[in-house]
Structure formats: C-alpha cells, structure tokens
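# Observations on chain architecture
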Amino acid sequence: MKYVSTRGGVEAVEFSSVLLEGLARDGGLAMPAQMPKVNSETLESWRKLSYAELATEVLSLFITDIPKADLATLCARSYNTQAFNSPDIVPLKKLDEQIQIVGLSEGPTLAFKDMAMQFLGNIFEYVLAKQGRTLNILGATSGDTGSAAEYALRGKKGVKVFMLSPFGRMSEFQRAQMYSLQDDNIFNLSVKGVFDECQDIVKALGNDLAFKEQYHLGAVNSINFARISAQVVYYFWAWLRATQSSGETVSFTVPSGNFGNVLSGHIARQMGLPIRRLVVATNENNVLEEFFNTGIYRPRSPEQTYATSSPSMDISKASNFERFIYHFVGEDGTQVKALWQELADKGQFDLSARKAEFESQFGFVAGVSTHEDRLSTIKAEFERNGYLLDPHTADGVKVAREFVEEGIPMLVLETALPAKFTETIQEAIGQPAPVPEHLKGLKDLPQRVEIMDCDVEKVRAYMIKHI
Ligand SMILES: *Cc1c(COP(=O)(O)O)cnc(C)c1O
C-alpha cells in the first residue's frame, strides 16, 4: 500500500514515511492510493478475534512495509488490560432500546485519543529503532491530545516529548494527569499564555527548517494518517459486536471537532463495512454541521470560535476534512487544490449543488448540540438510564436521537469519560462525576512541570538544553 497526497503533488510513499512526516510536501494530507476492501466473508471471519487481533488484521491492510508478525506484537503491546480499564478494550454499553455507547475512553487518559495514540507510541518506537533515528515531539495541548501523547510515549526509546500547555487554563484533573508523569523523556512546559499562543510557538519552531532538521522535530497531531488508520479498527469492532450476520447495517454518531474520528468511520464504510449513516455531531462551533446541511464550508476565525462546555470540539477549521473532500471529488488532487485556493481567497467554498450526495453516496448527516442541550441530555440520561455521559458524548446522544431509525442499531462513540469534565457534570446533575477507582490517588502525586514565559526563544533554549 502506497500513500499519495490529497493535492496530488508528490510521489507515492510507504506508510513509515507517512508516519514520521505528517503533512505532505505539497501542503496536502496523506491518503491511501487505493482504499483496501473487506468482503463479507472476511468480515465474518473476524467475529471471534480479540481487539488486538482485529487491529492486526485491519492495520495490516494499511501498513504493508512492516511484517504482519511485528504488527501483531505492536497491537498486543498497545491494546491490553494494562493500558485499558476493560477486558474488551472497547466495551459496547446499552443506553436504551435505541442507542448503544461505544466505550472508547477506557485508556490511560479517559478519552478516545488513547485508542490511536497507544498504537502510535509503539509503532514510533519500532520504526525509529529500525531506522536508527531519534525524534523529538513538540506539541501544544489544551488537554486531551497532549496527555494521550505523553501516556503513549512515556519511557519509549528514541523519543522525547516537549508538550506546551497554557498556564492556569487546564482542569485540576488534566494537570494532575500530565504533570505527575516522572519519565525522563517527558517534558511539560506550562506557558504563560493561552492555547493559541502555545500553538504559535510550536508552529514557529516547526517552520524553522534548520532547527527542525538539526533537532529531529516531529509531531503527533490528528492529521497523522497512522492515527486515522488505528481509529478505523473500532468501527469494525463495534459493528462486529452490534450485529449477528453480515447483512446487518448500523449507524454511528460521532462527536466531532477536527473530523479525525468520523473520517475513520468514513474510511471503514469505503472499505465495505455495512454502515448506514455517519452522524456528525458538533457543538456551537458548527463548521461541519453547516457544511453537511448547506454544502458550504466556512471555517471560522479564532475570535469566532466559542469556548464551550465540550471544549475538545471547539475548533475553527477541521484539519482532516480535506481527506473527505478528496474522496468526494473523485480523488482528484487538482480539484482539491482549487477548492483550497478558493478557501484561501474567499474564506469559503461551495459544494451546495451536490449536497444530496453527502448522504446518498457517503451516509453523512449532521446536527448541533448547545450548552443547554448538553446539560439537559446529561441530566435526562442519568435520571432515565442511570448512565453518566461526558459533555462531548452528550452532544453525540442529543444529535443521535434525531436520526434513530427503527431496526438499525445507533452506536454513539463515547469520546471521553465524565471524570475529565466534572465541572459540567456538577452543573448538570448537582454532583461531581465519580473518579475511576484506579485514578483516585492521582491528584496527590508529586508534579513535575516547568513554568515558562510565552516566548519562542525560551522554549527553543529549553529544548536544546534537554535534547
Ligand atoms: C478530540 C476529541 C473530540 C473530537 O474528535 P475529532 O477527531 O477532532 O473530530 C471529541 N471529543 C473528545 C473528548 C476529544 O478529545
């Protein structure tokens, strides 16, 4: 399997290069040159597999430059009960007769990002050792991605992680999670600024090509196709758990921000998994909902991006969206390039003439959930079904109810556990979210963090000293 750019401007490369490089050189995103297909016989033969075994099967369709036996080892090392708090890794939980919750948040940081990041940590270590290279990951986080990356890469050989977080802006739980790590290869920098300023420092250093090369800078952001491919696995897993035979279809609802999670669902569907609908649920930052309902893609400015009570979905533009558009225009890089040029010139592009195809060809529909919806959904589901939803998953359940169909299981992806966002839970039900037993002592552990002025040169100097 080779990978091409969504803008058509680079030679096809192997998975390992995609893994280490991130963005393609023409500014596009890496995509498989042809989509692997899975027929119903193969699908049926996968019913009895464990999560790690299924991951090996699915990932070996995307990763052909690593021997399958080695992939099996990497998957077994990533998906086990040491890292995940459920023997199923991804349990399916019944909310009521219509909706099931897909438990993607049993990993070390209680959010679905662990699903891909745990695998990424292991495959990074493997590929770096093979190539005799080292990598220094530089990133900025407002919470979920940074902690998932640190838990995945802690103690890994050949990798160091420098993670910038905004001073005084994370929850107590998030701080405890990240700053209590004592591994020598993890460096937490708490920057006296907001998230966007942390991100600007990362961009400034990443764009300094001489610095980037000399110090082997790398990234683990959500445009990395390795993350997308690892997320495809749980769509197959959930379908296999929710059905009895290959003729059955299910629908998925996905709380969405950067379009990474639901893009993996789209890929699973393109591979032949019987998915009826992919329901995109957004919060008040409804760039994606607007696109699927009007055909107009109109990213927002940072000033027009609201800080909501489902903060991990507060995005102004959806980085992974370009990968869907690439499929939508028939894998034609020239058209993708033209659309993104239009976006740069006019601030939007318009596919409204073909908007019926979003659903008829690709199964996409979309809805919005607001702060009020989130609170009332958390409260109602807690009272009715005794199930405590996190705010992001609550957005999903709210929108899922609008698209439930008789006889077709509706699976809502649980993107985080409520303990991570206990302030909103308190507001919704008048009591805090329970902390999982194994994390009860977390906030009392000693913390290790470097507080730093919001200054590129200070961060650069710190990195040089510690690499
Ligand atoms: C990252 C995240 C999302 C959004 O996922 P995308 O892949 O960016 O669409 C939703 N919920 C939670 C809790 C997250 O951490």
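An unreviewed UniProt entry annotates the protein chain as Threonine synthase originating from Pelistega suis. Within the UniProt record for the protein chain, the comment given under Cofactor (unreviewed entry) is "pyridoxal 5'-phosphate". Under the UniProt heading Sequence similarities (unreviewed entry), the note attached to the protein chain is "Belongs to the threonine synthase family."

## Quick notes on the packing of helix α8 (residues 195-206) against helix α19 (residues 456-466)
At their nearest, the axes of α8 and α19 sit 10 Å apart, and the two run at 65 degrees to each other. The way α8 lies across α19 gives a crossing that is right-handed. Between α8 and α19, the contacting residues are Ile 201, Ala 204 and Leu 205 on the first element and Val 456, Val 459, Arg 460 and Met 463 on the second. Here the contact of α8 with α19 is composed, by residue class, of six nonpolar, no polar and one charged.

## Quick notes on the sheet that holds strand β4 (residues 99-103)
With respect to topology, six strands assemble into an open sheet ordered β3-β4-β14-β9-β10-β13, the strand pairing being mixed. Two strands bound the open sheet, and with one partner strand each, they are β3 (92-94) and β13 (364-368). Averaged over all adjacent pairs, the angle separating strand axes in this sheet is 25 degrees, with direction ignored. Two elements, β3 and β4, share three bridges in a ladder whose sense is antiparallel. Bridge pairing in β4 links Lys 94 to Gln 100. On the sheet, helix α12 (residues 287-294) packs against β10 (275-282) and β13 and is oriented at approximately 130 degrees with respect to β13. Taken strand by strand, helix α17 (residues 391-401) contacts β4, β9 (250-255), β10, β13 and β14 (410-414), and its axis lies near 165 degrees from that of β14.

## Let's talk about the side chain of Ser 256
Looking at the element boundaries, Ser 256 is found in the loop between β9 and α11 (260-270). At a separation of 2.9 Å, a polar atom in the side chain of Ser 256 contacts the main-chain carbonyl oxygen of Val 254.

## Considering the nonpolar core
Of all hydrophobic cores here, the largest spans 117 residues; its most connected members are Phe 236, Phe 259, Phe 321 and Phe 324. It is helix α10 (residues 225-242) that provides the largest number of residues to this core, a total of 14 residues. By size, the runner-up hydrophobic cluster in this structure holds 22 residues, among which are Leu 389, Ala 394, Val 412 and Ala 433.

## Comments concerning a negative patch on the surface
There is a patch of like negative charges on the surface, built from Asp 196, Glu 197, Asp 200 and Glu 303. Note on placement: Glu 197 falls in helix α8. Glu 197 sits in the partly exposed class, given a relative accessible area of 34%.

## Here's the deal with the sheet that holds strand β6 (residues 159-166)
One open sheet accounts for five strands, arranged β8-β5-β6-β7-β15; its pairing is parallel. Each edge of the sheet is formed by a strand with only one pairing partner; in this case those strands are β8 (217-218) and β15 (450-452). As judged from the six bridges shared by strand β5 (residues 135-140) and β6, these two strands associate in the parallel manner. What sits directly across from Gly 139, in β6, is Met 163.

## What about the state of the cysteines?
Overall, the coordinates contain zero disulfides when judged by the stated rule. The structure places no disulfide on Cys 454, whose sulfur is separated from the nearest cysteine sulfur, that of Cys 198, by 6.4 Å.

## Describing a nonpolar patch on the surface
The grouping of Phe 167, Val 449 and Ile 451 at the surface amounts to a nonpolar patch, some 250 Å² of accessible area in total. Considering the arrangement of structural elements, one finds Val 449 in the loop between α18 (422-429) and β15. Accessibility expressed as a relative area gives 32% for Val 449, which makes it partly exposed.

## Description of the site of the ligand
In the vicinity of the ligand lie 15 residues, with Lys 113, Asp 144, Gly 257, Asn 258 and Asn 261 positioned nearest. The separation between an oxygen atom of the ligand and a polar main-chain atom of Gly 257 is 2.8 Å. Summarising the interface, the protein chains cover 96% of the accessible area of the ligand, which totals 380 Å² for the free molecule. Within the shell around the ligand, the residues separate by chemical class into five nonpolar, eight polar and two charged.

## A word on α11
The buried fraction of α11 amounts to ten of the eleven residues, a majority that puts the element mostly inside the structure. Considered for burial, the residues of α11 that qualify are Gly 260, Asn 261, Val 262, Leu 263, Ser 264, Gly 265, His 266, Ile 267, Ala 268 and Arg 269. The positive-phi residue at the C-terminal boundary of α11 is Gly 272, with phi of around 115 degrees.

## Observations concerning the side chain of Glu 125
Among the structural elements, Glu 125 can be located in helix α5 (residues 113-131). Buried charge Glu 125 goes without a salt bridge, the closest partner of opposite sign being Lys 157 at 4.2 Å. Not counting chain neighbours up to four residues away, the residues in contact with Glu 125 comprise Arg 77, Gly 155, Lys 156 and Lys 157.

## Observations concerning the packing of aromatic side chains
Given two aromatic rings, their pairing is described by the distance between the two centres and the angle made by the two planes. If you walk through the whole model with that rule in mind, you get 35 aromatic pairs. Taking 5.0 Å as the distance between ring centres and 65 degrees as the angle between the ring planes, the aromatic pair formed by Tyr 51 and Tyr 79 counts as edge-to-face. Remark: Tyr 79 occurs in the loop between α4 (68-78) and β3 and Tyr 51 occurs in helix α3 (residues 51-62); sequence separation between them is 28 residues. Like Tyr 51, the residue Tyr 79 is buried in the burial classification. Every member of this aromatic cluster is reached through a ring pair, and the members are Phe 259, Phe 291, Phe 292, Tyr 297, Phe 321, Phe 324, Phe 328, Trp 340, Phe 349, Phe 358, Phe 362 and Phe 364. We note Arg 460 situated over the ring of Phe 211; from NZ or CZ to the ring centre the distance is 5.0 Å.

## Some thoughts on unusual backbone geometry
Backbone geometry at Leu 110 places phi at a positive 60 degrees, although glycine is not the residue there. Along the chain, the position of Leu 110 falls in the loop between β4 and α5. Phi at Phe 259 is positive, roughly 70 degrees, even though this residue is not glycine. Along the chain, the position of Phe 259 falls in the loop between β9 and α11. The exposure class of Phe 259 is buried, given its relative accessible area of 1%.

Rules used in this analysis
- Residues numbered from 1 in each chain as written.
- Predicted model: local features only at pLDDT ≥ 70, side-chain atom pairs only at ≥ 80, totals over all residues.
- Heavy atoms only, no water.
- UniProt positions renumbered as here; feature names shortened; annotations may be inferred.
- Axes fitted to C-alpha atoms, helices over the stretch in contact; angles between N-to-C directions.
- Helix = DSSP H or I, 4+ residues; strand = E, 2+ residues; numbered from the N terminus.
- Left-handed = near helix turned anticlockwise from the far one by under 90°.
- Contact = heavy atoms within 4.5 Å.
- Nonpolar A, V, L, I, M, F, W, Y, C, P; charged D, E, K, R; others polar.
- Pairing = 2+ DSSP bridges.
- Polar contact = N/O pair within 3.5 Å; in protein donor to acceptor, adjacent residues only side chain to side chain.
- Core = buried A, V, L, I, M, F, W, Y, C linked by side-chain atoms within 4.5 Å.
- Buried < 20%, exposed > 50% of the residue type's maximum accessible area, 1.4 Å probe, protein only.
- Patch = residues over 30% accessible without salt bridge, like charges linked within 9 Å, V, L, I, M, F, W, Y side chains within 5 Å.
- Areas by Shrake-Rupley, 256 points an atom, 1.4 Å probe, with all protein chains shown as cover.
- Salt bridge = Lys/Arg side-chain N within 4 Å of Asp/Glu carboxyl O.
- Lys, Arg positive; Asp, Glu negative; His and termini not counted.
- Charge placed at Lys NZ, Arg CZ, Asp CG, Glu CD.
- Disulfide = S-S within 2.5 Å.
- Near = heavy atom within 4 Å.
- Phe/Tyr/Trp six-rings, centres within 6.5 Å; stacked < 30°, edge-to-face > 60°.
- Lys NZ or Arg CZ within 6 Å of the ring centre and 35° of its normal.

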